[in-house]
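This is what each chain is made of:
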Amino acid sequence: AQRVTQPEKLLSVFKGAPVELKCNYSYSGSPELFWYVQYSRQRLQLLLRHISRESIKGFTADLNKGETSFHLKKPFAQEEDSAMYYCALFNQAGTALIFGKGTTLSVSS
Amino acid sequence: EAGVTQSPTHLIKTRGQQATLRCSPISGHTSVYWYQQALGLGLQFLLWYDEGEERNRGNFPPRFSGRQFPNYSSELNVNALELEDSALYLCASSLALGGREWYNEQFFGPGTRLTVL
C-alpha cells in the first residue's frame with residue numbers, strides 16, 4: 001500500500017534552532033515526493049519536490065530510499081516558518097497525490 | 001494572475017441534503033483535482049478531471065461525484081449528506097494531464113468549508 005506518515009502532529013522550536021520535520025513513506029519502486037506548506041490564512045502551496053533537488057526558503061529534503069524517508073530540514077528556523085507542513089507522494093499510477101496528515105511547526109522567539 | 005477560486009466559502013447543510021461546490025481553475029489549466037480535508041484525517045484525494053473527463057477517483061462512495069465544464073471549471077456534488085462529510089474541500093488545478101512523466105505543480109484554492117448538521 002502507498003502511504004505517507006508524518007509522526008509528529010506538532011513541532012515546537014525556538015528561533016535559530018535546527019528543524020527536522022519527519023516524513024516516512026511506503027511505496028514500491030521509485031517514489032516522487034513533495035513537501036507542501038500552508039501558512040496561516042493562506043493557501044496550500046508547493047514548497048519543494050525531491051526530483052528538483054532545490055532549496056526553498058532554506059529548506060531541503062533528501063530522499064533516503066533505505067529508510068524510506070523524506071525528512072524536511074532547515075538549519076536555522078525563523079518565526080515566519082511557522083505553518084502546517086504536509087509531505088506528499090505521487091501515487092503509483094501517477095494520477096493522484098497522497099498526503100500525510102501534516103505537522104504544525106511553531107517557531108517562537 | 002488570478003489563482004484558483006472556489007465558491008461558496010462556507011456551506012451549511014443538513015443530513016440527507018445535497019451539496020454543490022464549485023471551482024474555477026487558473027486560466028490555461030486543464031486539470032482540476034478535488035481533495036477532502038477532514039479533521040484528523042488530513043488531505044484525501046477525491047477526484048481528478050481533465051479535458052472534461054473524470055480521470056481518477058479516490059476511495060470515496062459514489063455519492064461523491066462531479067463534472068468538468070468546457071471552460072474547465074468544475075463542480076463537486078455530494079448527495080445524501082452524512083455528518084462525517086463535514087470538512088474543508090480543496091480544489092487544485094494544474095497545467096497538463098497528470099501522470100508521472102508530465103506532473104505539473106498543483107495550485108490550490110482557498111477551500112469550501114462544508115458543515116453538515
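In what follows, the structure referred to is the one given above.
What you are looking at is a predicted structure, and each value in this text was computed from that prediction instead of being measured. (Residues numbered from 1 in each chain as written. Chains lettered and ligands numbered in written order. Predicted model: local features only at pLDDT ≥ 70, side-chain atom pairs only at ≥ 80, totals over all residues. Heavy atoms only, no water.)

Enquirer: Just checking my understanding: could you explain the overall build of chain A for this structure?
Expert: When its secondary structure is counted, chain A shows zero helices and eleven strands. Starting at the N terminus and walking to the C terminus, you meet the elements of chain A as β-β-β-β-β-β-β-β-β-β-β. In terms of overall size, chain A behaves like a compact globule, its C-alpha atoms giving a radius of gyration of 13 Å where 109 residues would be expected to give roughly 13 Å. Along the longest, intermediate and shortest principal axes, the C-alpha atoms of chain A span 45 × 30 × 25 Å. For chain A, with 109 residues in total, the buried portion stands at 47%. By sequence separation, contacts in chain A at least 24 residues apart represent 59% of the contacts at least 6 residues apart. Entry remark: accessible area of chain A is about 5,400 Å², with carbon and sulfur atoms responsible for 49%. Of the side-chain charges in chain A, 13 are positive and 9 negative, and the distance between the mean point of each set is 6 Å. (Helix = DSSP H or I, 4+ residues; strand = E, 2+ residues; numbered from the N terminus. Rg over C-alpha atoms; globule rule 2.2 N^0.38 Å. Buried < 20%, exposed > 50% of the residue type's maximum accessible area, 1.4 Å probe, protein only. Contact = heavy atoms within 4.5 Å. Areas by Shrake-Rupley, 256 points an atom, 1.4 Å probe, with all protein chains shown as cover. Lys, Arg positive; Asp, Glu negative; His and termini not counted. Charge placed at Lys NZ, Arg CZ, Asp CG, Glu CD.)

Enquirer: So what exactly am I meant to see when it comes to the overall build of chain B here?
Expert: Tallying secondary structure elements over chain B gives zero helices and eleven strands in all. Ordered by position in the sequence, the α and β elements of chain B form the string β-β-β-β-β-β-β-β-β-β-β. Here the C-alpha radius of gyration of chain B, 13 Å, is about what a compact globule of 117 residues would show, namely 13 Å. A principal-axis box enclosing the C-alpha atoms of chain B has dimensions of 40 × 30 × 25 Å. Evaluated residue by residue, chain B yields a buried proportion of 50% over its 117 residues. In chain B, 56% of the contacts between residues at least 6 apart in sequence involve partners at least 24 apart. With an accessible surface of roughly 5,600 Å², chain B has 51% of that area assigned to carbon and sulfur atoms.

Enquirer: Explain the state of the cysteines here, please?
Expert: Working definition of a disulfide: a covalent bond connecting the sulfur atoms of two cysteines. Residue and element names in this part refer to chain A. Evaluated as defined, the whole model comprises two disulfides over all chains. Two residues, Cys-23 and Cys-87, share a disulfide whose sulfurs are 2.0 Å apart. On the sign convention where negative means left-handed, the S-S torsion of about -65 degrees between Cys-23 and Cys-87 marks this disulfide as left-handed. Taken as a pair, Cys-23 in the loop between strand E3 (19–21) and strand E4 (24–26) and Cys-87 in strand E9 (residues 83–90) lie far apart in primary sequence, 64 residues in all. By relative accessible area, Cys-23 is classed as buried at 0%. (Disulfide = S-S within 2.5 Å.)

Enquirer: Sorry, what's going on with the nonpolar core here?
Expert: When a protein is soluble and globular, its nonpolar side chains tend to lie buried together. By size, the foremost hydrophobic cluster in this structure holds 25 residues, and its most contacted members are Trp-35, Leu-72 and Tyr-85 of chain A. At the level of secondary structure, the elements contributing two or more residues to this core comprise strand E2 (10–14), E3, strand E5 (33–38), strand E6 (45–49), E9 and strand E11 (103–108) of chain A. Per element, the largest residue contribution to this core is four residues, and it comes from E9 of chain A. Apart from residues lying up to four places away in sequence, Tyr-85 of chain A is in contact with Gln-6, Leu-21, Trp-35, Tyr-36, Val-37, Tyr-39, Leu-47, Phe-59, Leu-72, Gly-102, Thr-103 and Leu-105 of chain A. One finds Leu-47, Tyr-49, Tyr-89 and Leu-114 of chain B within the second-largest nonpolar core, a separate group that totals 22 residues. (Core = buried A, V, L, I, M, F, W, Y, C linked by side-chain atoms within 4.5 Å.)

Enquirer: Sorry if this is basic, but what is going on with the pattern of salt bridges here?
Expert: Side chains that carry opposite charge are capable of pairing whenever their charged atoms lie near each other. Per the counting criterion, the structure on display carries nine salt bridges over all chains. The partner of Arg-63 of chain B in a salt bridge is Asp-85 of chain B, and the shortest N-O contact between them spans 2.7 Å. Residue Arg-63 of chain B is found in the loop between strand E6 (53–57) and strand E7 (64–68), and its partner Asp-85 of chain B is found in the loop between strand E8 (74–78) and strand E9 (87–94); the two are separated by 22 residues along the sequence. You'll find Arg-63 of chain B and Asp-85 of chain B in the same group, each marked buried. Here the salt bridges share partners, and the residues they tie into one network are Glu-20, Lys-22 and Lys-73 of chain A. (Salt bridge = Lys/Arg side-chain N within 4 Å of Asp/Glu carboxyl O.)

Enquirer: How should the pairing of strand E4 (residues 31–38) of chain B be read in this particular structure?
Expert: As a general feature of sheets, a regular strand has side chains that alternate between the two faces. All names here are of chain B. A large share of E4 lies buried, amounting to eight of its eight residues. By the alternation rule, side chains of E4 split into Ser-31, Tyr-33, Tyr-35 and Gln-37 and Val-32, Trp-34, Gln-36 and Ala-38, which are all buried. Sheet analysis places E4 next to strand E5 (residues 42–50), joined by eight bridges and oriented antiparallel. Paired with Ser-31 across the two strands is Asp-50, which belongs to E5. The antiparallel pairing of E4 with E5 creates a hairpin that spans three residues between the two strands, and Gly-40 there sits at a positive phi of about 85 degrees. The sheet contact formed by E4 and E9 spans seven bridges and is antiparallel. (Pairing = 2+ DSSP bridges.)

Honestly, that's just the spatial picture; any functional story needs more than this.
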